[in-house]
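Structural overview for review
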Amino acid sequence: MNAPNPKFQPKDPAYAARVRESFGRQKAMHHIGARLRAVGPGWSEVELPHRDELTQQKGFLHGGIIGMIADNACGYAAYSLMPANASPLTIEYKINLLAPGRGSNYVAEGVVLKPGRTLTVTRAEVYAETASGRVHIASMQQTVLMLADTPDTPQ
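Procedures and definitions
Residues numbered from 1 in each chain as written. Predicted model: local features only at pLDDT ≥ 70, side-chain atom pairs only at ≥ 80, totals over all residues. Heavy atoms only, no water. Patch = residues over 30% accessible without salt bridge, like charges linked within 9 Å, V, L, I, M, F, W, Y side chains within 5 Å. Areas by Shrake-Rupley, 256 points an atom, 1.4 Å probe, with all protein chains shown as cover. Salt bridge = Lys/Arg side-chain N within 4 Å of Asp/Glu carboxyl O. Helix = DSSP H or I, 4+ residues; strand = E, 2+ residues; numbered from the N terminus. Buried < 20%, exposed > 50% of the residue type's maximum accessible area, 1.4 Å probe, protein only. Pairing = 2+ DSSP bridges. Axes fitted to C-alpha atoms, helices over the stretch in contact; angles between N-to-C directions. Contact = heavy atoms within 4.5 Å.

Some remarks on a nonpolar patch on the surface
A cluster of nonpolar side chains, Leu89, Ile91 and Leu119, forms an exposed patch at the surface whose accessible area comes to about 260 Å². Within the secondary structure, Ile91 is located in strand β3 (residues 87-97). A relative accessible area of 46% means that Ile91 is categorised as partly exposed.

Quick notes on the environment of Pro154
Inspection of the secondary structure puts Pro154 in the segment after β6 (133-147). Residue classification places Pro154 among the exposed residues on the basis of a relative accessible area of 68%. Through-space distance from the C-alpha of Pro154 to that of Gly42 is 24 Å; in sequence the pair is 112 residues apart.

Notes on unusual backbone geometry
A positive phi angle is found at Asp149, which is not glycine, with a value near 50°. Mapped onto the secondary structure, Asp149 falls in the segment after β6.

So, the sheet that holds strand β4 (residues 105-114)
Spatially, β1-β2-β4-β5-β6-β3 is the arrangement adopted by the six strands of the open sheet, whose pairing is antiparallel. Only two strands of the sheet have a single partner each, and these edge strands are β1 (35-40) and β3. Going from strand to strand, the sheet's axes swing by 20° on average, the running direction of each strand aside. Contacts from helix α1 (residues 15-24) reach β1 and β2 (43-49), with the element oriented near 160° to β1.

What about the pairing of β2?
On a regular strand, one side chain projects to one face of the sheet and the next to the other, so that they alternate. Most of β2 sits inside the fold, with six of its seven residues counted as buried. One ladder, built from five bridges, connects β1 with β2; its direction is antiparallel. Looking at the pairing, Gly40 lines up with Trp43 of β2. The antiparallel pairing of β1 with β2 creates a hairpin that spans two residues between the two strands, and Gly42 there sits at a positive phi of about 85°. Looking at chain direction, β2 and β4 are connected through seven bridges and run antiparallel. The residue of β4 that forms the bridge with Val46 is Ala108.

Purely spatial values, then, with no claim about function.
Written out as C-alpha cells, the structure is:
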C-alpha cells in the first residue's frame, strides 16, 4: 500500500476498533469471505481469497465482487476519519477494470484523497496476487457521505 497521508488525524482515538467492529457486521463481506486486513487514519485494506463461486463465466473474479471489496476499502478509509457518532454511506463511485481477476488472493487498498465536512473523496487500487507477483486489476474513485449523529449500527 502507498504510504497514507500523515496529515490525516482521526477524530476518534478508538477509530480502528470501531472500523473493525463495523466491518464485522457486514454480512455481504462475510458471505464472500473478505476480511479487513489493515486500517489506519485515512486508509484500509480489504483482502479476499480466491473462491471459484465468485467467478464469472470465464473463471475470472467477477467485476461486481471486485467492486464490493474496493467499495469497502474506500468506505472504511473514509470512516476511519469520522467522529464516533457518525457513519459512512457510499453515494457514488466509478471503477475501471484494468485486467482480468486471476489470482489466489485479491487486495483492495483504499485511501482518502480529500476529507470534507460531509463528503470525502477516496480512491482504491485492487490487486490480484499470483505466483509471479501482484497484478493491478482495478482502480476506483468514490465519494462517501458522512451521516452525522447517526451511529453505524443496525437500525
